Amino acid sequence: MQFRRRRPIDLPRSELRRAFATFRPALRGLRRLIIAAVFLAMTITGLEIIKPWPVTLVIDHLIAADGSKDPALTPIVTFAAIAFVVPTLLGFTQERLQMVVARVSRKATVRIRSDVFDHIQRLELSEHQRHYTGDLLVRLMGDVNMIRDLLFPSWLNLLQRGSVLLGGAVVFMVVDWRLFLVALVPLPLLWVSVDRGSSAIKSAAGKQRRKEGAIAATAAESLRQVGLIKAFSAEHRTAEEFRSHARSAERATMASAKHAAKMARLTEILTGAGVALVLVLGAMRTRAGILTPGQLVLALSYTRMMYKPIRKLTGEGARIAKATACAVRVMELLDKPPENPTVGLPVTSLVGDIDFHGVSHTYPDGRTSLVNFSGSIPSGSLVAVVGENGTGKSTLLTLLLRLHRPGQGEIRIGGVPVVEMQLGSYRDQIAYVPQELALFGGTIRENIAFGRPEASDQDIEAASEAALLTPVIDSLPDGLDTVLDEDGSSLSGGQARRLMLARAALRDASIVLLDEPLAGLDPEARDTVARAITNISDARTTLVVHHGDLQQLAPDYRIVLEPRPAGTRHLEVVAT
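Residues numbered from 1 in each chain as written. Predicted model: local features only at pLDDT ≥ 70, side-chain atom pairs only at ≥ 80, totals over all residues. Heavy atoms only, no water.

**Things to note about the overall build of the protein**
So, point 1. Secondary structure summary: the protein contains 19 helices and twelve strands in total.
So, point 2. Put simply, the protein has 576 residues, and 45% of those count as buried.
So, point 3. For the protein, the exposed surface amounts to about 29600 Å²; the carbon and sulfur share of it is 57%. (Helix = DSSP H or I, 4+ residues; strand = E, 2+ residues; numbered from the N terminus. Buried < 20%, exposed > 50% of the residue type's maximum accessible area, 1.4 Å probe, protein only. Areas by Shrake-Rupley, 256 points an atom, 1.4 Å probe, with all protein chains shown as cover.)

Spelled out as structure tokens, the structure:
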């Protein structure tokens, strides 16, 4: 499913149309179910309109009977049977409709959530850095659920209740058009109430969802850093911060609930006034002999039938307003252009010198990392990238990975600008080991094969051997099928580094990028990881960000990044 491209529209009322146009593709292939749902909804409408008639007929039949004899029982039994059959059919039809709606909603939710998740993953890294993970999760889970309601159940409810309103109005006019006009008196005020209330609810709901995103972000960060929080005895402080965000969200929720309750109160008052007017005028016309008592009961039934959908519509209006606010939050993400992995020259290898020509980079928060950065890295060499903190060592790797784009300058590999290469096949030729431990829940086998899931057991074992991980695997009771704890905490630092190196080795890439793989390791583990780096870097261009002694790595070259007084960074390639 592909979302429709949109142009920004400033009119607030257009947001609903924009949301529906954006997410409507999620309903493709569900036409039969949608038609069935519409048919069932129209059947319910017909049964609702028929429902008051048996009582009306019984009342008129009893009054019309001669007081000297009992009224005939046959018509009464017939009307009673109809009174039983209609609700029974109504119950079965409503049950079937709920199942069809649930099926359509489930399929649409899966499609929307999957496509939004795919889009979020393909956003540039800078966009992820602008959003907290918790807020993205709220948009992906809670907001998408509300969009599902907006996309199908809400408009189907509007259709069903609108048809009940229209059908009841037509029959009401036939029974007594004067009473029908009286019943219409509260409608203009009711419409204004619903319109203003929906706008207020939408505004409050948008604020509520933003606050809930802040709660999720705080919770996600605190749970991720729970060990550090405990080490600094900061549980109370982080709990108080979470409580502050929760109270703020509660205030936004109460504002939304207040507007919804006020709208419901006005609706009840106005519809009650309408019923009272119809009752008074209808009683006068019944006493004058213009209406029968049964027709008066019928008129009151259709008055309530007209008002019931309107009362429901106020709740539906609040629901649609909240869903629209959620849709706007998701569309904010969808409006951001994703990376396109298929545009450019296909890449089968990245053999050749890596050349930097006047490369400069500034992060979204304004931090300057590299300025007028130039130099050349020989193909197939092992290069140590050294320098003080903040001189741009990690930035160098992220620029090569194309996780960021340089603000100025150009990077070439084998004489070809990397921006002209197809992003997907380009990254397939690069193996990356980040500075932080990056392991996934699952088995050791799954973690090694993450970058190449189709790899055979022989390839996985060879990669493990190259990364000196085989002794670790052999010591575990389940070997490669050992399930890791969250974030790989069941492994030591050195073991986790070697597992990540095995993942890079299995990638069989042309370029290997290692961001401080020796950081935080004891001397023995550092020596083992250094030997593993030498193994996996054979015949590959390898860049290793490193602090400390270079003798363990024995690089072919080193890149020295030095801060300059003017804020520039100096590149020096020195053979070792």
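**So, the packing of helix α6 (residues 133–151) against helix α7 (residues 153–175)**
So, point 1. Contact geometry of α6 with α7 gives a least axis separation of 3 Å together with a crossing angle of 30 degrees. Relative to α7, the element α6 is oriented roughly parallel. For the pair formed by α6 and α7, the contact residues are Arg148, Asp149, Leu150 and Leu151 on the first element and Pro153, Ser154 and Trp155 on the second. (Axes fitted to C-alpha atoms, helices over the stretch in contact; angles between N-to-C directions. Parallel < 35°, antiparallel > 145°, perpendicular 65-115°, else oblique. Contact = heavy atoms within 4.5 Å.)

**A short note on the nonpolar core**
So, point 1. Core analysis: the largest hydrophobic core is formed by 40 residues, its most contacted members being Phe23 and Ile112.
So, point 2. Taken together, the elements giving at least two residues each to this core come down to α1 (14–23), α2 (31–50), α4 (73–122), α6 and α12 (293–334).
So, point 3. Considering every element that reaches this core, the biggest residue donor is α4, with ten residues.
So, point 4. Counting residues in each nonpolar core, the second largest holds 39 residues, with Leu382, Leu439, Ala455 and Ile460 among its members. (Core = buried A, V, L, I, M, F, W, Y, C linked by side-chain atoms within 4.5 Å.)

**Some details on unusual backbone geometry**
So, point 1. Located in the positive-phi region is Arg402, a residue other than glycine, with phi close to 65 degrees.
So, point 2. The residue Arg402 is located in the loop between α13 (393–401) and β4 (408–413) in this model.
So, point 3. For Arg402, a relative accessible area of 17% gives the class buried.
So, point 4. Phi is positive for Leu468, close to 60 degrees, though the residue is something other than glycine.
So, point 5. Note that Leu468 resides in the loop between α16 (457–466) and α17 (470–475).

**Considerations on the sheet that holds strand β1 (residues 354–362)**
So, point 1. Taken together, the four strands give an open sheet; going across it, the order is β2-β1-β4-β5, and neighbouring strands pair in antiparallel fashion. Each of the sheet's edge strands pairs with one partner strand only, and the pair in question is β2 (368–377) and β5 (416–417).
So, point 2. Lying over the sheet, α13 contacts β1, β2 and β4, oriented at roughly 110 degrees with respect to β1. (Pairing = 2+ DSSP bridges.)

**Some details on the environment of Ala26**
So, point 1. Note on placement: Ala26 falls in the loop between α1 and α2.
So, point 2. Along the backbone, Ala26 and Asp115 are 89 residues apart, and their C-alpha atoms lie at a distance of 9.5 Å.

**Thoughts on the pattern of salt bridges**
So, point 1. This model, assessed by the stated rule, comprises 13 salt bridges.
So, point 2. Across the pair Glu124 and Arg405 runs a salt bridge, and its minimum N-O distance is 2.9 Å. Linking Glu124 in the loop between α4 and α5 (125–130) with Arg405 in the loop between α13 and β4, this pair joins segments that are 281 residues apart in sequence.
So, point 3. When the shortest N-O distance is used, the salt bridge between Arg427 and Glu339 registers 3.1 Å. Remark: Glu339 occurs in the loop between α12 and β1 and Arg427 occurs in helix α14 (residues 423–428); sequence separation between them is 88 residues. Across the pair, exposure class does not vary: Arg427 and Glu339 are buried alike. (Salt bridge = Lys/Arg side-chain N within 4 Å of Asp/Glu carboxyl O.)

**Focus on the environment of Arg319**
So, point 1. With respect to the helices and strands, the residue Arg319 is situated in helix α12.
So, point 2. Along the chain, Arg319 and Leu150 lie 169 residues apart, while their C-alpha atoms are 8.0 Å from each other.
So, point 3. With near-sequence residues (within four places) excluded, Arg319 lies in contact with Met146, Asp149, Pro153, Ser154 and Asn157.

**A short note on the side chain of Arg427**
So, point 1. Separated by 3.1 Å, the side chains of Arg427 and Glu339 make a polar contact.
So, point 2. Other than its neighbours up to four places away in sequence, Arg427 contacts Glu339, Leu401, Arg402, Leu403 and Arg507. (Polar contact = N/O pair within 3.5 Å; in protein donor to acceptor, adjacent residues only side chain to side chain.)

**Points about the packing of α2 against α7**
So, point 1. Where α2 meets α7, the axes come as close as 9 Å, and the angle between the chain directions of the two elements is 30 degrees. Compared by their axis directions, α2 and α7 come out roughly parallel. When you trace α2 past α7, the crossing you get is right-handed. Together, Ile34, Ala37, Val38, Ala41, Met42, Ile44, Thr45, Glu48 and Ile49 of α2 and Trp155, Leu156, Leu159, Gln160, Ser163, Val164, Gly167, Gly168 and Val171 of α7 make up the contact between the two elements.
So, point 2. The residue makeup of the contact of α2 with α7, split by class, is twelve nonpolar, five polar and one charged. (Left-handed = near helix turned anticlockwise from the far one by under 90°. Nonpolar A, V, L, I, M, F, W, Y, C, P; charged D, E, K, R; others polar.)

**Section: the confidence of the model for the protein**
So, point 1. When pLDDT is averaged along the protein, the result is 79; 85% of the residues meet or exceed 70.
So, point 2. Counted against residues more than four places away or in other chains, residues 4–12, with its pLDDT under 50, gives twelve contacts.
So, point 3. Counting interchain partners and residues more than four positions distant, the pLDDT-below-50 stretch residues 565–570 has 18 contacts. (pLDDT = per-residue confidence, 0-100.)

**Quick notes on α7**
So, point 1. With 23 residues, α7 extends 33 Å from end C-alpha to end C-alpha; this agrees with the ideal 33 Å at 1.5 Å per step.
So, point 2. Buried within α7 are the following residues: Pro153, Ser154, Leu156, Asn157, Gln160, Ser163, Val164, Gly167, Gly168, Ala169, Phe172 and Val175. (Expected span 1.5 Å × (residues − 1).)

**Considerations on the side chain of Glu516**
So, point 1. Tracing the chain through its elements places Glu516 in the loop between β9 (511–515) and α19 (523–536).
So, point 2. Buried and unpaired, Glu516 has Lys393 as its nearest opposite-charge partner, separated by 5.2 Å.
So, point 3. Beyond its immediate chain neighbours, meaning those up to four positions away, Glu516 contacts Gln435, Arg497, Val545 and His547. (Lys, Arg positive; Asp, Glu negative; His and termini not counted.)

**Considering the pairing of β4**
Residues in a regular strand point their side chains to alternate faces of the sheet.
So, point 1. Here five bridges tie β1 to β4, and the two strands are oriented antiparallel to one another. For Asp355, the partnering residue across the bridge sits in β4 and is Arg412.
So, point 2. Inspection of the sheet shows β4 paired to β5 by two bridges, in the antiparallel sense. When the bridges of β5 are listed, Arg412 appears paired with Pro417.
So, point 3. Linkage of β4 to β5, two consecutive antiparallel strands, is achieved through a turn of two residues, within which Gly414 is found at a positive phi near 65 degrees.

**Structural notes on the pairing of strand β3 (residues 382–387)**
So, point 1. Of all six residues in β3, five are buried, a share of seventy percent or more.
So, point 2. Across four bridges, β3 lies against strand β10 (residues 541–545) in parallel orientation. Among the inter-strand pairings, Leu382 is bridged to a residue of β10, identified as Thr542.

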